[in-house]
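Each chain, letter by letter, is given below.
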Amino acid sequence: MTEFGYQLLATDKAARRGRFATAHGPIETPCFMPVGTAATVKAMTMDMVRSTGAQIVLGNTYHLMLRPGAERVGRLGGLHEFMRWPGPILTDSGGFQVMSLAERRKITERGVTFSSHIDGARHDLTPERSIEIQHLLDATITMQLDECLKLPAPRREMERAMELSLRWAARSKEAFTAREGYGLFGIVQGGIDPELRRRSAEGLQEIGFEGYAVGGLAVGEPQAEMFATLDATCPFLPGDRPRYLMGVGKPSDLVGAVLRGIDMFDCVMPTRSGRTGQAFTRRGTVNLRNARHADDPRPLDETSDCPAARDYSRAYLHHLVKSGEILASILLTWNNLWYYQQLMREMGVAIEEGRAEAFAAAFAEEQALGDI
Ligand SMILES: O=c1nc[nH]c2cc3[nH]c(NCCN4CCCCC4)nc3cc12
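Conventions and cut-offs
Residues numbered from 1 in each chain as written. Predicted model: local features only at pLDDT ≥ 70, side-chain atom pairs only at ≥ 80, totals over all residues. Heavy atoms only, no water. Buried < 20%, exposed > 50% of the residue type's maximum accessible area, 1.4 Å probe, protein only. Helix = DSSP H or I, 4+ residues; strand = E, 2+ residues; numbered from the N terminus. Arc of directions from axis to C-beta. Pairing = 2+ DSSP bridges. Axes fitted to C-alpha atoms, helices over the stretch in contact; angles between N-to-C directions. Near = heavy atom within 4 Å. Polar contact = N/O pair within 3.5 Å; in protein donor to acceptor, adjacent residues only side chain to side chain. Areas by Shrake-Rupley, 256 points an atom, 1.4 Å probe, with all protein chains shown as cover. Nonpolar A, V, L, I, M, F, W, Y, C, P; charged D, E, K, R; others polar. Phe/Tyr/Trp six-rings, centres within 6.5 Å; stacked < 30°, edge-to-face > 60°. Core = buried A, V, L, I, M, F, W, Y, C linked by side-chain atoms within 4.5 Å.

A. Representation of helix α6 (residues 127–136) within the structure. Buried within α6 are the following residues: P127, S130, I131, I133 and Q134. Relative to the axis of α6, the buried residues are bounded by an arc of 160 degrees and lie together on one face. One or two steps after α6, the chain reaches D138, where phi turns positive at roughly 65 degrees.

Here it is, written out as structure tokens:
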């Protein structure tokens, strides 16, 4: 078992501050992973991503296997070389994207078959092939192949998908090449059913992974249901391994999930919203398409260290967004990723100082203020 050497640095009730070492550098938690789907964090250079304080980025097996192809990235030295990102990279295993993007999908015991959303070509994705693809990409953290159900779903469907994912977890582990500083994460499924979640968490722990993801959430359920599922899942995960909540989320999701024991997050929200003119700030999101910003000389947040938040007027950002200028996406993505990283940094300090719940309350109050 190659360990990442996850260290618990501080706890505040269920909230954790931790650190683990990987072959591509250390990861301090709680942490947010910018999404770099097609080997790029959209509208960012990797230096700009680094400037926000991001330590680890996410890549997608589904997209990269279709284009440019896993073997090609492998021949070119792997994702770190290809996209010039020396830090850790986590790759999702492809199942979720197959179910949300591909056409003519079919799930069997063996794996998933689907038609590419790019050119309609047929593809096969088994637990073994997904592990092989992620190895060719040289992923620092590899994810097992799993089946993520859309919610709501009947309990018997939740049980079927959870048990299939457990069998695929064992096959993924079998196919994974253990290497120092690299790790394979299992993914807990089970919908919103506490008993299924416990069985999934315990089943994964018997197989043994370097980290554990909570999957099957952020698929349309209300925030309260997501939090209740975390309350029913995290206590059954080993305390000495990182915990990753997949696809989450908006800022209040991250704060509530950290309080419930989650260490790692990924979500397209800060980058995708940046491209639609939305800016995340301490006082909630600001829609820079809105004409009310046309003459506003103030920056988004003069207290921020992010140049996009501190050095440009809202009037200028509004002008860029209305004009459809590329720089609008660049500056707003930069602001949003910086905001997410700053939120994780502040949560980490609050946990160290034993004031995580007070931080969460103050965060909610400031967000509710709304933009001035
Ligand atoms: O259960 C999962 N297994 C593997 N990968 C996943 C990825 C996921 N991504 C999400 N949610 C993404 C939600 N996101 C929010 C912003 C807009 C686009 C969709 N749930 C996930 C569950 C899983």
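B. Expanded view of the environment of E325. Its place among the elements puts E325 in the loop between α13 (314–322) and α14 (326–352). On the basis of relative accessible area, E325 is assigned to the partly exposed category, the value being 43%. Residues E325 and C234, 91 residues apart in the sequence, show an inter-C-alpha distance of 44 Å.

C. View of the sheet that holds strand β3 (residues 25–29). If you walk across this open sheet you meet the 3 strands as β1-β2-β3, and the pairing is antiparallel. Every interior strand has two partners, whereas the edge strands, β1 (7–12) and β3, have only one. Across the sheet, the mean angle separating the axes of adjacent strands is 10 degrees when strand polarity is ignored. Strand direction decides the pairing type here: strand β2 (residues 15–22) and β3, joined by 5 bridges, are antiparallel. Residue G18 lies in a different strand from β3, and its bridge partner there is T29.

D. The arrangement of the pairing of β2 in detail. Burial runs high along β2: 6 of the 8 residues are buried. Note that β1 and β2 share 5 bridges and pair antiparallel. In the sheet register, Q7 faces β2, and the bridge partner there is R19. The hairpin turn running from β1 into β2, its antiparallel successor, is 2 residues long, and K13 in that turn takes a positive phi close to 55 degrees. Count of turn residues in the β2/β3 antiparallel hairpin: 2 residues.

E. Just the site of the ligand, in detail. Within the structure, the ligand sits among 15 residues, and D146, Q189, G216, L217 and A218 are positioned closest to it. Between the ligand and A218 there is a distance of 2.9 Å, counted from a nitrogen atom to a backbone nitrogen or oxygen. Its free accessible area being 510 Å², the ligand has 80% of it covered by the protein chains. Residues that form the shell around the ligand fall into these classes: 8 nonpolar, 4 polar and 3 charged.

F. Molecular detail of the packing of aromatic side chains. In total, this model carries 10 aromatic pairs according to the counting rule given. With a centroid separation of 5.2 Å and an interplanar angle of 40 degrees, the aromatic rings of F4 and F20 are classed as tilted. With F4 in the segment before β1 and F20 in strand β2, this pair connects stretches of sequence that are 16 residues apart. The class for F4 is buried, based on a relative accessible area of 5%. The interplanar angle of 65 degrees and the centroid separation of 6.4 Å between the aromatic rings of W334 and W338 together place this pair among those described as edge-to-face. Residue W334 and its partner W338 are located together in helix α14, separated by 4 residues, close to a single helical turn. On the accessibility criterion, W338 (12% relative accessible area) is buried. Taken together through their ring pairs, the aromatic side chains of F32, F280, Y339 and Y340 make up a single cluster.

G. Local environment of the nonpolar core. Membership of the largest hydrophobic core comes to 94 residues, with the highest contact counts inside it found for L245 and F265. Looking at which element gives the most residues to this core, the answer is α14, with 13 residues. Within the second largest apolar cluster, 18 residues are counted, among which are F4, L58, A213 and M246.

H. Local environment of unusual backbone geometry. Omega for the bond connecting T29 with P30 falls within 30 degrees of zero, at 5 degrees, which places this linkage in the cis form. Relative to the helices and strands, P30 resides in the loop between β3 and β4 (31–33). For the peptide bond that leads from L151 to P152, omega is -5 degrees, which places it in the cis range. Relative to the elements of secondary structure, P152 occurs in the loop between β10 (141–143) and α7 (155–175). In the Ramachandran plot, A43 falls in the positive-phi region, its phi being about 75 degrees despite a non-glycine side chain.

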